[in-house]
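Structural overview for review
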Amino acid sequence: MSLLQLNKVEAFYGGIQALRGIDITVHQGEIVTLIGSNGAGKSTTLKSICGQVQTKGEILFEGKNITSWQPHQIAMAGIAHVPEGRRIFPRLTVKENLEMGAFSVKDKKQVKQRIEQAFVYFPRLKERYHQAGGTMSGGEQQMLAIARALMMNPDILLLDEPSMGLAPVLVDQIFDIIQELNAAGMTILLVEQNAYHALKIAHRGYVIQTGEIVMQDYADVLLSSNEVQEAYLA
Ligand code: ATP
């Protein structure tokens, strides 16, 4: 059974239609990537799943129809979203940012355990434990944004352009961490303009163009396809 399934999903910003009936399936344990150019509808796809834009069609998560659920219900159900631009709390410390990520977890011991777990993937954050989020580098803030999303112990992680604006060495680090999280069992839907890196670590991929899925296949097949190479890897 699929963990997450989008059936003919349309999305609207007022009178503007940003998604034109897309179908996407994510199975438990997969990294699925959604690639496409600026304005193609990648972020809107993630926002649709999280209940942040007006949609039509059907979104199923763990077999439940979540299409009309509120954003907080969707988050509580196990869907974590790391939006574009790493929106951490700049004035709060790393510790406080992580605690905010687990705001609904009452058991303090569990919160501590999850913070320790996050440090396994992000040792850098441990070194910066008492530093204000906003004073850290772009790469560290991206790590904090992902670590914070993991504090709810989600079943799926939706990542929106995690490599954006990062120096090449940090881009490699972020993609390595995404792969490590997946190897430990996390299911990931990864939105990227960096098609090469995304397809390198993904199992399957979808290509979106002006609100429509125009290609879908195993990631290695997409990576070697002429169309993808010309449009997204040139
Ligand atoms: P980018 O990488 O540039 O963010 P994207 O593929 O994520 O691109 P979206 O942000 O999903 O693209 O945008 C899809 C379409 O919806 C675009 O035409 C965009 O202009 C439009 N759009 C996005 N957000 C809004 C909004 N808040 N109001 C009106 N139109 C919007």
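Residues numbered from 1 in each chain as written. Predicted model: local features only at pLDDT ≥ 70, side-chain atom pairs only at ≥ 80, totals over all residues. Heavy atoms only, no water.

A closer look at the overall build of the protein
The helix and strand tally for the protein stands at 10 helices and 10 strands. Taken over the C-alpha trace, the protein has a radius of gyration of 17 Å; the compact-globule value for 234 residues is 17 Å, and the two agree within 12%. Expressed along its principal axes, the backbone C-alpha trace of the protein runs to roughly 45 × 40 × 35 Å. Residues classed as buried in the protein amount to 49% of the 234 residues present. Here the protein displays about 11200 Å² of accessible surface, and carbon together with sulfur accounts for 50% of that area. (Helix = DSSP H or I, 4+ residues; strand = E, 2+ residues; numbered from the N terminus. Rg over C-alpha atoms; globule rule 2.2 N^0.38 Å. Buried < 20%, exposed > 50% of the residue type's maximum accessible area, 1.4 Å probe, protein only. Areas by Shrake-Rupley, 256 points an atom, 1.4 Å probe, with all protein chains shown as cover.)

Remarks on the site of the ligand
Taken together, 13 residues lie around the ligand, and Asn 38, Gly 39, Lys 42, Ser 43 and Thr 44 are the ones closest in. Here Glu 84 contributes a side-chain N or O atom positioned 3.4 Å from an oxygen atom of the ligand. At a separation of 3.2 Å, an oxygen atom of the ligand approaches a polar side-chain atom of Gln 193. When the ligand sits alone it has 630 Å² of accessible area, and the protein chains cover 63% of it. Considering every element that reaches the shell around the ligand, the biggest residue donor is helix 1 (residues 42-49), with three residues. Of the residues in the shell around the ligand, the class split is three nonpolar, seven polar and three charged. (Near = heavy atom within 4 Å. Polar contact = N/O pair within 3.5 Å; in protein donor to acceptor, adjacent residues only side chain to side chain. Nonpolar A, V, L, I, M, F, W, Y, C, P; charged D, E, K, R; others polar.)

Considering the pairing of strand 2 (residues 16-27)
Pairing of strand 1 (residues 2-13) with strand 2, which is carried by nine bridges, proceeds in the antiparallel orientation. Residue pairing in the sheet places Tyr 13 in a bridge with Ile 16 of strand 2. In this structure, the hairpin formed by strand 1 and strand 2 is closed by a connection of two residues, where Gly 14 is found at a positive phi of approximately 55 degrees. (Pairing = 2+ DSSP bridges.)

Examining helix 6 (residues 138-150)
Here helix 6 contains 13 residues, and its C-alpha end-to-end distance of 19 Å stays within 8% of the 18 Å for a straight helix at 1.5 Å per residue. Where burial is concerned, most of helix 6 is hidden: 12 out of the 13 residues are buried. Every buried residue belonging to helix 6 is among Gly 139, Glu 140, Gln 141, Gln 142, Met 143, Leu 144, Ala 145, Ile 146, Ala 147, Arg 148, Ala 149 and Leu 150, and all of these are buried. Looking at the buried side of helix 6, the elements it contacts are strand 6 (79-82), helix 3 (94-101), helix 4 (108-121), helix 5 (123-127), strand 7 (156-160) and helix 7 (168-183). (Expected span 1.5 Å × (residues − 1). Contact = heavy atoms within 4.5 Å.)

Notes on the environment of Asn 38
Following the sequence through the fold, Asn 38 ends up in the loop between strand 3 (31-35) and helix 1. Considered as a pair, Asn 38 and His 72 are 34 residues apart in the sequence and their alpha carbons are 28 Å apart. Separated by 3.0 Å, the side chains of Asn 38 and Gln 193 make a polar contact.

What to know about the sheet that holds strand 3
The mixed open sheet is built from six strands, whose spatial order is 6-7-8-3-9-10. Unpaired on one side and paired on the other, strand 6 and strand 10 (212-218) mark the two borders of the sheet. Averaged over all pairs of adjacent strands, the angle between their axes in this sheet comes to 15 degrees, without regard to strand direction. Looking at chain direction, strand 6 and strand 7 are connected through four bridges and run parallel. (Axes fitted to C-alpha atoms, helices over the stretch in contact; angles between N-to-C directions.)

Describing the confidence of the model for the protein
Taken as a whole, the protein shows an average pLDDT of 94; of its residues, 100% reach a score of 70 or greater. Quick note on the complex model: pTM equals 0.95, ipTM equals 0.94. (pLDDT = per-residue confidence, 0-100.)

Focus on the packing of aromatic side chains
For the structure on display, the rule yields one aromatic pair. The interplanar angle of 80 degrees and the centroid separation of 5.6 Å between the aromatic rings of Phe 119 and Tyr 129 together place this pair among those described as edge-to-face. With Phe 119 in helix 4 and Tyr 129 in the loop between helix 5 and helix 6, this residue pair connects regions lying 10 residues apart in the sequence. (Phe/Tyr/Trp six-rings, centres within 6.5 Å; stacked < 30°, edge-to-face > 60°.)

Here's the deal with the packing of helix 6 against helix 7
At a closest axis distance of 10 Å, the pairing of helix 6 and helix 7 adopts a crossing angle of 15 degrees. Classed by the angle they form, the pair helix 6 and helix 7 counts as roughly parallel. In the crossing of helix 6 with helix 7, the sense of the turn from one axis to the other is right-handed. Seen from helix 6, the contacting residues are Gly 139, Gln 142, Met 143, Ile 146 and Leu 150; seen from helix 7, they are Leu 170, Gln 173, Ile 174, Ile 177 and Leu 181. (Parallel < 35°, antiparallel > 145°, perpendicular 65-115°, else oblique. Left-handed = near helix turned anticlockwise from the far one by under 90°.)

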